[in-house]
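Analysis of the macromolecular model
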Amino acid sequence: MVECVLILMMWLKSLYYMRLVNEISPLVESIFVIMNDMFYFLIIFIIGLIAFSEAFFVIGKNQKMLAHEALQKMGDKVDPSINTNTEISYSSMMGALQHGYMSALGELDVDDYANNAMTPVLSILFVLLSFFMCIHMLNMLIAIMGQSFDINAEVADSNRKIS
């Protein structure tokens, strides 16, 4: 574990030395400027991620409970139209965080949404998550990165003209 962190830090330290190369220096500087400019965006992104993950967690627990109750009522006569899958990826908190994060990045896994009592709520939550986290927030991130890169490129050009 410690070795993994140290190796990562060693390679990131190489970015510091890459700033000595004139052609690479503006790119490395852009990385640091963009990371600094993304700070407030990341706070909003994490709040949205936690909010959607918690909503999916609560729905996943309810979905799991309803599926278990349906199995108990039916006994051996299971209706094939009812989703009896009690292993729902977002029914645990870590699973919900992973589901929300992957959905925010565009990997929209909707296998557990259909054929259960929670389908209408899941559909609404899915539309909100895909619009807010996937479309709106990622486009905002691209805009922030583009603006930071443009400003950094102007500074690099002026520094090149001075020297």
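Before reading on, note that the structure itself is shown above.
This text gives an overview of the structure that appears in the document. As the structure is a prediction and not an experimental result, all values here were calculated from the model. (Residues numbered from 1 in each chain as written. Predicted model: local features only at pLDDT ≥ 70, side-chain atom pairs only at ≥ 80, totals over all residues. Heavy atoms only, no water.)

Considering a nonpolar patch on the surface
Formally: Residues enter a patch when their relative accessible area is above 30% and they make no salt bridge; the linking distance is 9 Å between like charges and 5 Å between nonpolar side chains (Val, Leu, Ile, Met, Phe, Trp, Tyr). Methods summary: accessible areas were calculated by the Shrake-Rupley approach with a probe of 1.4 Å, and residue burial reflects only the protein chains presented. We count a salt bridge whenever a side-chain nitrogen from Lys or Arg sits within 4 Å of a carboxyl oxygen from Asp or Glu. Runs of E in the DSSP output that reach at least two residues are strands. Runs of H or I that reach at least four are helices, and both are numbered from the N terminus.
A cluster of nonpolar side chains, contributed by M1, V2, V5, L6 and M9, occupies part of the molecular surface with about 560 Å² of accessible area. Tracing the backbone through its elements, the reader meets M1 in the segment before α1 (2-18).

Side note on helix α4 (residues 93-104)
In plain terms, the rule: Expected helix span is taken as 1.5 Å per residue step, with the number of steps being one fewer than the number of residues. Only protein chains enter the area calculation, which uses a 1.4 Å probe; residues under 20% of their type maximum are buried, those over 50% are exposed, and those in between are partly exposed. To be clear, the arc concerns the directions from the helix axis to the C-beta atoms. In what follows, a contact means two residues having at least one pair of non-hydrogen atoms within 4.5 Å.
An ideal rise of 1.5 Å per residue puts 16 Å on twelve residues; α4 measures up with 16 Å between its terminal C-alpha atoms. Residues of α4 that are buried: G95, A96, H99, G100, S103 and A104. For α4, the angular spread of the buried residues around the axis is 165°, confining them to a single face. Exposed side chains of α4 directed beyond 90 degrees from the buried face belong to M94 and Q98. Those residues of α4 that are buried are in contact with α3 (39-74) and α5 (119-162). Just past α4, the residue G106 takes up positive phi, approximately 110°.

So, the packing of helix α2 (residues 25-37) against α5
The condition that has to hold: The axes are straight lines fitted to the C-alpha atoms, using for helices just the contacting stretch, and the angles between their N-to-C directions are given from 0 to 180°. Put simply, angles under 35 degrees are roughly parallel, angles over 145 are roughly antiparallel, angles from 65 to 115 are roughly perpendicular, and the rest are oblique. For any pair of crossing helices, the crossing counts as left-handed if the nearer helix is rotated counterclockwise from the farther one by less than a right angle, and right-handed if it is rotated clockwise. Under the grouping applied here, Gly and all other residues not named as nonpolar or charged are polar, the nonpolar ones being Ala, Val, Leu, Ile, Met, Phe, Trp, Tyr, Cys and Pro and the charged ones Asp, Glu, Lys and Arg.
Two elements in contact, α2 and α5, have axes whose closest approach is 9 Å; the angle formed by their N-to-C orientations is 140°. What the angle tells us is that α2 and α5 run oblique. Crossing of α2 against α5: the hand is right-handed. Here α2 contributes P26, L27, E29, S30, V33, I34 and D37 to the contact with α5, which in turn contributes I144, M145, S148, F149, N152, A156 and R160. Per-class residue counts for the contact of α2 with α5 are eight nonpolar, three polar and three charged.

Remember, this is a structural readout, not a statement about activity or role.
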